[in-house]
Each structure stands twice: as C-alpha cells, then as structure tokens.
Amino acid sequence: RRPPRSTLFPYTTLFRSEESLQINPNLAETYYELGITYGELGRFEEGLGSLQKARELNPNHFDTILQLGKFNSILGNYQEAVENLNKLLKIAPDNNAVGFLFGKSLVELNQFQKALPHLEKAVKHEPNSFEAQFYLGITLNRLDRMTDAIAPLQKAIQIEPGSFLTFKIGRASCRERV
C-alpha cells in the first residue's frame, strides 16, 4: 500500500509521465503509472486508455490487467472487467482482490450463481469488507436464499450504517414487510 501523498502529487506524476512518454512512448510502466494516477484523480476513462496502452506493450503484466478489471468495473463495463479478471483468476486463483472484483462484476451482469463462490471466498478472507458482505447478501437474495442473505446484509449495515447502499437495503426490507 502506498503512503499518503500530498494533493499535488497526482498532478506532478501526470506531468512527469507525459514528459517521459514524449521521450520514449514505448514504456509500459509509464502508461501504467499514468493510468493509476488518472484513477486517483477520478478520471477513469483516461486511466483506462493509458492502462490499455500499457497492456498492449506488456500483455502479461498482472497489475495492469487487475487495474483494467477495476477501472472497467467502475465505469460499468462489467463484461470487459470479467474478461480481464478471468485471465488473472487462471494465473492466481487465490488472489482475493481479483476474486472479489470478478464476483462483483458477475453480480452486475446478473450471473449470481457464478458470482457466489467468489463472493463467499471474499467474505471469508475479509469479513469486515462492506462491499463483500453487501454483494454476497444481494447474490444470495437473488438466488432465492433469503434466509442466508440476512446475515451478510446485516453485517454490511453494521460495518457501514451510514452508507447509501445500507439505506437501500433498509428500504427494500421495509417494502417486503408491507
């Protein structure tokens, strides 16, 4: 994990990366760093373009493929995220970050049965992850396993009671009772 940086750091990195690419436009590492920096600035579409270029130059770089999966998921390109992450799961089946993003993207594609083992594994590995608990609960609910869905959804509410998604869980549960 990176140490905290000043708010100017991403802009400095952008400048340095763009300068480096003018000198040598074939550096996959520079495109990777540029993509990550765009992501830190919330500019995911630009970051996606840089990461795609990094992958063209170095097609097997694990972290680049992982970030492509993450950025595609953030941008709602779930099919692309699944394709990228599936490649990584073949290389590193026990990588929890890859498994969770893969499962989350499958949920967004309504592929709940396929998502279930990945989300169960994510919750087992990180029981205090709001997102893992939330997506597991939603998946179980959509698979008509409502009784099993209660515990992860309650845990999600316990972890982040003020979350917008927690509000949606509460609202949905009130509607079902009426």
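Quick look at the structure, then. Keep in mind that what you see is a predicted model, and the values were worked out from it rather than measured.

Conventions used here
Residues numbered from 1 in each chain as written. Predicted model: local features only at pLDDT ≥ 70, side-chain atom pairs only at ≥ 80, totals over all residues. Heavy atoms only, no water. Helix = DSSP H or I, 4+ residues; strand = E, 2+ residues; numbered from the N terminus. Buried < 20%, exposed > 50% of the residue type's maximum accessible area, 1.4 Å probe, protein only. Contact = heavy atoms within 4.5 Å. Areas by Shrake-Rupley, 256 points an atom, 1.4 Å probe, with all protein chains shown as cover. Salt bridge = Lys/Arg side-chain N within 4 Å of Asp/Glu carboxyl O.

**Quick notes on the overall build of the chain**
So, point 1. A count of helices and strands for the chain gives ten helices and zero strands.
So, point 2. Ordering the α and β elements of the chain from the N terminus gives α-α-α-α-α-α-α-α-α-α.
So, point 3. Out of the 178 residues belonging to the chain, those deemed buried represent 40%.
So, point 4. Looking at the chain alone, contacts between residues at least 24 apart form 45% of all its contacts between residues at least 6 apart.
So, point 5. Counting every atom, the chain has about 10600 Å² of accessible surface; 53% of that belongs to carbon and sulfur.

**Some points on the side chain of asparagine 96**
So, point 1. The topology assignment puts asparagine 96 in helix H6 (residues 96-108).
So, point 2. What makes asparagine 96 buried here is its relative accessible area of 14%.
So, point 3. Discounting residues that sit within four places of it in the chain, asparagine 96 has contacts with Lys121, Ala122, His125 and Glu126.

**Looking at the pattern of salt bridges**
So, point 1. Inspection of the entire model under this criterion finds five salt bridges.
So, point 2. In this structure, arginine 43 and glutamate 46 form a salt bridge, with 2.6 Å as the shortest nitrogen-oxygen distance.
So, point 3. Given a relative accessible area of 31%, arginine 43 falls into the partly exposed group.
So, point 4. Lysine 104 serves as the salt-bridge partner of glutamate 131, at 2.9 Å between the closest nitrogen and oxygen. Of this pair, glutamate 131 sits in helix H8 (residues 130-142) while lysine 104 sits in helix H6, placing them 27 residues apart in sequence.
So, point 5. Note on glutamate 131: relative accessible area 33%, which makes it partly exposed.
So, point 6. The exposure class of lysine 104 is buried, given its relative accessible area of 15%.

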